[in-house]
Amino acid sequence: MSNIHELDFLKEKIEDLKKEGVYRKLPVLEGGNDAEVILNGKKVINLSSNNYLGFANHPRLKKGAIEAVEKYGAGAGAVRTIVGNMSIHEELEKLLAEFKREEAVFIYQSGFNCNIGTIQAITEKGDLIISDELNHASIIDGTRLSKADKAIFRHSDMDHLEQILKENRDKYNNVLIITDGVFSMDGDIAKLPEIVELAEKYEALTYVDDAHGSGVLGESGRGTVDHFGLHGRVDFSIGTLSKAIGVVGGYVAGSKVMYEWLSHRARPVLFSTTLPPAAAGAIIEAIKMLMETTEYTDRLWDNANYFKEKLGKLGFNTGNSETPITPVIIGDEAKTMEFSRKLLEKGVFVSGIVFPTVPRGTGRVRCMVTAAHTKEQLDRAVDIFEQVGKEMNILK
Ligand SMILES: *Cc1c(COP(=O)(O)O)cnc(C)c1O
C-alpha cells in the first residue's frame, strides 16, 4: 500500500488531464499586464487578459495606490466590522454608488467573494433561486451556500424562465432570478429587459452579475443595467473591480437597505479582512477616470469591433458575441489547445478554453481585446491567426 500522503488519488486525476490534452502549467508574466507582455521569457501580444481598459498598469492608478499606502498603510489590519473600515473604503463605496447611479454600494475583496457572500445573505429556506445555466462558477458556489431551493433555466431562454416562475412562484416566499450580465465564454449579453419584466410580473427579485459588463457596457462602463436603462428595476447589481477596473475587488450596488443588511450578514466581509488601502486608492482613480471621459470605453469598443471584423472576414467562427469578448471556436479540446500553443509560438498569447469551463466539443480560444492595444498589434495578431488557421486546416 502506498503512503496516503503521496496523494496518489490526485496523481491519477492529473494523469487523466494529461491524457485529455488539457494539462497545463501556469504561465508566468515578467512585469505588468500590458498589451504586449513578457511571458515565460518571450515577448508576445496579450489577448488573454480581462484588463479591458488598460488600467491594470496605468500610471494614475499606480499613483493612487502609492498615495493610499502612504496615508493608510499596507493593510487594513482587521475585518471591516471590527476596526478595518477606513475612510478610503467609505470613499470608494460612495464614489461607486454615484458612478453606478444607485443608492448604495457594498464592497468585497473580489467578485467571487461578492457572489458567495451576497447570495447566501439575501436568501433563506422557503425561497427559490432561479439561475441561468451558464452563470459563473461563483454564482453556482454562492447558490450552493444558500438554504434556498434552486432551479436552472436554459441559457437566456425566457420561455423556460417564465415556465419555472409560473409553476413555482406560489410555493415560495421570495424568488431571486440570477443572471450574468455578460456571459464570459461567449460574450453575449443577458436579456435583461425581458428578465426584469418577468420578475415584475411574478414579483421576483433580480440579481445581475456584471463582472464582464463593468467598465465595458453602458455609459463609460456603468454596466449592463445602465446599458438597458434599467436603473431602479434590478435589485442587486454585482460588479468586479478586478477586470476592466484593473485592480481587485467586487461590489454589489443596490439600495441602502441592502447595504445595511449585508454589513451585518455578508460572511466574507464579517470573517475576512477587506481590500488593502492600495487597492482602494487605485480603484478610486479608475472610477474618476471613467467619470471624466468615455475615451477609454470608446477605444475598447473601437478595437474590439476592428479585430472581430477582421477575424470574421478570414472565416473564423467567432460565435454570437455582442461585446469585446471574441471567442474563436475550434471545437475539439486537444485541437483547441494545439491552436493556442501554435499561436503562442508565433507571438500571440490567447488561452484555450475547454471543458469543463465550456461544454465538451465547443473548445475555443477566447480573444480579449483591450483599449490598450494598438491597431498595429491587432493587425499582427490577425496575421498570425491566419497563418496558424491555414496550417491547421481550420481556415480553407
Ligand atoms: C470574473 C468573474 C467573477 C469573479 O470576479 P473576481 O473579482 O475576479 O473575483 C465573478 N463573476 C463573473 C461573471 C466573472 O466573470
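Starting from 1, residues in each chain are numbered consecutively following that chain's sequence as written. For this predicted model, a pLDDT threshold of at least 70 governs which residues receive local features, and a threshold of 80 or more governs which side-chain atom pairs are given and counted, while totals over whole chains, interfaces and linings are taken from all residues. Note: side-chain values were computed over all heavy atoms of the structure, leaving out hydrogens and water.

**Notes on the side chain of T370**
One can find T370 in the loop between β13 (363–368) and α15 (375–391). Engagement of the side chain of T370 in a polar contact is seen with the backbone nitrogen of A372, the distance being 3.0 Å. The contact rule is simple, with two residues in contact once any of their heavy atoms fall within 4.5 Å. Contacts of T370, omitting those with residues within four sequence positions, involve S49, N51, Y52, L300 and N303. Labels follow the DSSP assignment, with helices taken as runs of H or I lasting at least four residues and strands as runs of E lasting at least two, numbered in each case from the N terminus. In the analysis that follows, any N or O atom pair within 3.5 Å is treated as a polar contact, provided that within protein one partner can donate a hydrogen and the other can accept it, and provided that, for residues neighboring in sequence, both atoms belong to side chains.

**Examining the UniProt feature "modified residue: N6-(pyridoxal phosphate)lysine" (unreviewed entry) in the protein**
UniProt positions are given in the numbering used here, feature names are shortened, and annotations may be inferred rather than shown by experiment. In this structure's numbering, the residues bearing the UniProt feature "modified residue: N6-(pyridoxal phosphate)lysine" (unreviewed entry) are K243. Assignment of secondary structure puts K243 in the loop between β8 (236–240) and β9 (250–254). On the basis of relative accessibility, which here comes to 16%, the residue K243 falls in the buried class. When sequence neighbours within four positions are dropped, the list of residues in contact with K243 reads N50, N51, A211 and H212. Here the term buried applies to any residue with accessible area under 20% of the maximum for its type, exposed to any over 50%, and partly exposed to those in between, with areas from a 1.4 Å probe on protein chains only.

**Quick look at the site of the ligand**
We call a residue near a molecule or strand as soon as one heavy atom of that residue lies within 4 Å of the molecule or strand. Every one of the 14 residues lining the ligand counts as a neighbour, but G111, D209, T240, S242 and K243 are closest to it. H136 places a polar side-chain atom, nitrogen or oxygen, 3.3 Å from a nitrogen atom of the ligand. With respect to the ligand, the side chain of K243 contributes an N or O atom lying 2.6 Å from an oxygen atom. For the accessible areas, the method is Shrake-Rupley and the probe is 1.4 Å, while residue cover comes only from the protein chains on display. Starting from 380 Å² of accessible surface for the ligand in isolation, the protein chains cover 86%. Looking at the shell around the ligand, the element that brings in the most residues is helix α5 (residues 111–122), giving 3 residues.

**A word on the packing of aromatic side chains**
Only centres within 6.5 Å qualify two rings of Phe, Tyr or Trp (six-membered ring in Trp) as a pair; their planes then separate them into stacked at under 30 degrees, edge-to-face at over 60, and tilted for everything else. Counted by the stated rule, this structure contains 8 aromatic pairs. Arranged with centres 5.4 Å apart and planes meeting at 90°, the rings of F106 and Y108 form a pair that is edge-to-face. When sorted by exposure, F106 lands in the same class as Y108, which is buried. Ring centres 6.2 Å apart and planes at 85° place the aromatic pair F307 and F385 in the edge-to-face group. Here F307 is found in helix α13 (residues 295–314), whereas its partner F385 is found in helix α15, with 78 residues between them in sequence. By relative accessible area, F385 is classed as buried at 0%. Each member of the aromatic cluster is reached from another via a ring pair, and the members are F307, F316, F339 and F385. In this structure, K18 is placed above the aromatic ring of Y23, and the distance from its NZ or CZ to the ring centre is 4.6 Å. Cation placement over rings: the criterion is NZ of Lys or CZ of Arg within 6 Å of the ring centroid and within 35° of the ring normal. Lying across the ring of Y306, K375 places its NZ or CZ 5.1 Å from the centre.

**Regarding the pairing of strand β3 (residues 104–108)**
Two faces belong to every sheet, and in a regular strand the side chains alternate between them. In terms of residue burial, β3 counts as a mostly covered element, since 5 of its 5 residues are buried. Both faces of β3 are covered, namely the face carrying A104, F106 and Y108 and the face carrying V105 and I107. Should DSSP find at least two bridges between two strands, the strands are taken to pair. One ladder, built from 5 bridges, connects β3 with β9; its direction is antiparallel. Opposite V105, over in β9, you have A253 as the bridge partner.

**Details of the sheet that holds strand β1 (residues 36–39)**
Ordered in space as β1-β2-β11, the 3 strands form an open sheet in which the pairing is mixed. On the outer flanks of this sheet lie β1 and β11 (348–349), each paired with one strand and no other. In the sheet, β1 pairs with strand β2 (residues 42–46) via 4 bridges, with the strands oriented antiparallel. Bridge pairing in β2 links E36 to I45.

**Considering the pattern of salt bridges**
Any two side chains of opposite charge can pair if their charged atoms end up close together. What makes a salt bridge here is a side-chain nitrogen of Lys or Arg within 4 Å of a carboxyl oxygen of Asp or Glu, nothing more. All chains considered together, the criterion is met by 25 salt bridges. Ionic pairing is found between E162 and K201, a salt bridge with its closest N-O pair at 2.7 Å. On the criterion of sequence distance, the pair formed by E162 in helix α7 (residues 158–168) and K201 in helix α8 (residues 192–201) is long-range, its members being 39 residues apart. A salt bridge links K310 to D379, with the shortest nitrogen-to-oxygen separation between them at 3.1 Å. In this pair, K310 sits in helix α13 while D379 sits in helix α15, placing the two residues 69 residues apart along the sequence. Overall, the relative accessible area of 26% leaves D379 in the partly exposed class.

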